[in-house]
Amino acid sequence: MHLLPFAAGVFTLLILPGPTNAILAMASQGLTVGRAIVLLATVLSAYLAIIFPTSGLAGSFLRDYPLVSQGVKLVSATWVLYLALRLWGVGSSHIEAVCLRQLAVTTLLNPKALIIGLTMVPPAQDITPAASIAALTSAVLAASAIWLSVGRVILGGEKRIPLLARRCGSLTLVAFSAMLTFSAVSG
């Protein structure tokens, strides 16, 4: 696999709706340039922390121990469901803005990172590690910036997430949680 197909494949996967993208869209509430940079850096750091160790070390382990892989999916599903409930307002009369911790944990648990690490990162003999990191960084930042923009368009300049946007975001996260759970228990 060459650099451009790798970057295009990663971008194509990351631009699809998912838990990290839903959180990014919700995090665009009251977005400033400084906050956008911090959000993008958080997503990039979390993806890098999972993708390259997975591609180099954990791939064979996860293939040899599918129960561990299923466990990761169930933990991810539980976390996403927790975020959905928080966004809906369950257990709280006050809805807070999305915090960096939520975005980081969601991205660290995002199955897209495992997919990229296990199936998409080209071997070092095909592409240098620096080129792989540069391509991955470009794809992550582009997809994440698009989702921040989508959230900004939906939420506008609101300081609080409108009720309809919160409920739609919450239902989206519930759907992702259900898909992850189904994926874990079905094989």
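To keep things clear, this report deals only with the structure shown in the data block. (Residues numbered from 1 in each chain as written. Predicted model: local features only at pLDDT ≥ 70, side-chain atom pairs only at ≥ 80, totals over all residues. Heavy atoms only, no water.)

Comments concerning the overall build of the chain
Quick note on the threshold: For helices the rule is a DSSP run of H or I covering at least 4 residues; for strands it is a run of E covering at least 2, with both sets numbered from the N terminus onward. We compute the radius of gyration over the C-alpha atoms and compare it with the globule rule, which gives 2.2 Å times the number of residues raised to the power 0.38. Type-normalised accessible area, obtained with a 1.4 Å probe on protein chains alone, sets the label of each residue: buried when under 20%, exposed when over 50%, and partly exposed for intermediate values. Whether two residues touch is decided by their heavy atoms; if any such pair falls within 4.5 Å, the residues are in contact. Residue-level accessible areas treat just the shown protein chains as cover; the underlying method is Shrake-Rupley with a 1.4 Å probe. Charge counting follows a simple rule: Lys and Arg are positive, Asp and Glu are negative, and His as well as the terminal groups are ignored. Throughout, a charge is located at the NZ atom of Lys, the CZ atom of Arg, the CG atom of Asp or the CD atom of Glu.
Assigned secondary structure in the chain consists of eight helices and zero strands. Taken against the 2.2 N^0.38 rule, which gives 16 Å for 187 residues, the C-alpha radius of gyration of the chain at 17 Å falls within 12% of a compact globule. Taken along its principal axes, the extent of the C-alpha atoms in the chain is 50 × 35 × 20 Å. Per-residue burial over the chain gives 43% buried out of 187 residues. Across the chain, every contact between residues at least 6 apart in sequence was considered, and the portion connecting residues at least 24 apart equals 87%. Carbon and sulfur atoms form 72% of the exposed surface of the chain, whose accessible area is close to 9300 Å². Averaging the locations of the 11 positively and 4 negatively charged side chains of the chain gives two centres separated by 12 Å.

Concerning the packing of helix H2 (residues 19–27) against helix H8 (residues 163–186)
Our working rule: The convention used is that axes are lines fitted to C-alpha atoms, helices contributing only their stretch in contact, and that angles between N-to-C directions extend from 0 to 180 degrees. Roughly parallel here means an angle under 35 degrees, roughly antiparallel means over 145, roughly perpendicular means 65 to 115, and every remaining angle is called oblique. Crossings are assigned a handedness: left-handed for a near helix turned anticlockwise from the far helix by less than a right angle, right-handed for a clockwise turn. Charged means Asp, Glu, Lys or Arg here, nonpolar means Ala, Val, Leu, Ile, Met, Phe, Trp, Tyr, Cys or Pro, and polar covers whatever is left, Gly included.
Contact geometry for H2 and H8: axes closest at 10 Å, N-to-C directions at 170°. Overall, the two elements H2 and H8 adopt an arrangement that is roughly antiparallel. For the pair H2 and H8, the sense of crossing is left-handed. In this structure, H2 contributes Pro19, Ala22, Ile23 and Met26 to the contact, and H8 contributes Ala165, Gly169, Leu173 and Phe176. Taken together, the residues of the contact of H2 with H8 sort by class into seven nonpolar, one polar and no charged.

A word on the nonpolar core
In a soluble, globular protein the nonpolar side chains are often hidden away together inside. Operational definition: The set of buried Ala, Val, Leu, Ile, Met, Phe, Trp, Tyr and Cys residues whose side-chain atoms join them within 4.5 Å is what this entry labels a nonpolar core.
The biggest cluster of nonpolar side chains holds 44 residues, and the ones touching the most others in it are Val10, Ile116 and Leu173. Among the elements of the structure, helix H1 (3–15), H2, helix H3 (33–64), helix H4 (66–88), helix H6 (111–120), helix H7 (129–155) and H8 are those that each provide at least two residues to this core. Among the elements that line this core, the one with the most residues is H3, at nine residues. Leave out the neighbours within four places in its chain, and Val10 touches Ile116, Met120, Leu136 and Ala139.

A closer look at the packing of aromatic side chains
Our working rule: The rule is short: rings of Phe, Tyr and Trp, with Trp giving its six-membered ring, pair when the centres are within 6.5 Å, and they are stacked under 30 degrees, edge-to-face over 60, tilted in between. The criterion is that NZ of a Lys, or CZ of an Arg, lies within 6 Å of the ring centre and within 35 degrees of the ring normal, and then a charge sits over that ring.
The full count for this structure, using the stated rule, is one aromatic pair. Residues Trp79 and Tyr82 carry aromatic rings whose centres are separated by 5.3 Å and whose planes lie at 35° to one another, so their mutual orientation is tilted. Within this pair, Trp79 and its partner Tyr82 are both found in helix H4, separated by three residues, close to a single helical turn. Using a relative accessible area of 31% as the deciding quantity, one classes Tyr82 as partly exposed. Over the ring of Trp88 we find Arg167; its NZ or CZ atom is 4.0 Å from the centre of that ring.

Structural notes on the side chain of Thr20
To keep things clear, this is the line we draw: Pairs of N or O atoms are called polar contacts if they sit within 3.5 Å, as long as, within protein, a hydrogen donor faces a hydrogen acceptor (for residues adjacent in sequence, only side-chain-to-side-chain pairs).
Note that Thr20 resides in helix H2. Here Thr20 falls in the buried class, since its relative accessible area comes to 1%. A polar contact of 3.0 Å, which involves the side chain of Thr20, links it to the side chain of Asn110.

Some points on a nonpolar patch on the surface
For clarity, the threshold we go by: Residues with no salt bridge and a relative accessible area higher than 30% make up the patches, which join like charges within 9 Å and nonpolar side chains (Val, Leu, Ile, Met, Phe, Trp, Tyr) within 5 Å. A pair is scored as a salt bridge if a Lys or Arg side-chain nitrogen falls within 4 Å of a carboxyl oxygen belonging to Asp or Glu.
Taken together, the side chains of Phe61, Tyr65 and Val68 define a hydrophobic patch exposed on the protein surface, amounting to about 280 Å² of accessible area. Note on Tyr65: relative accessible area 47%, which makes it partly exposed.

Some words on helix H5 (residues 100–108)
How we decide: The directions considered for the arc run from the helix axis to the C-beta atoms.
Restricting attention to buried positions, one finds in H5 the residues Gln102, Leu103, Thr106 and Thr107. Down the axis of H5, the buried set is contained in an arc of 125°. They therefore lie on one face.

Considering the side chain of Ser144
Tracing the sequence through the fold places Ser144 in helix H7. On the basis of relative accessible area, Ser144 is assigned to the buried category, the value being 4%. Here the side chain of Ser144 touches Val140 through a polar contact of 2.9 Å, landing on its backbone oxygen. Setting aside anything within four residues of it in sequence, one finds Ser144 in contact with Leu24, Leu40 and Val43.

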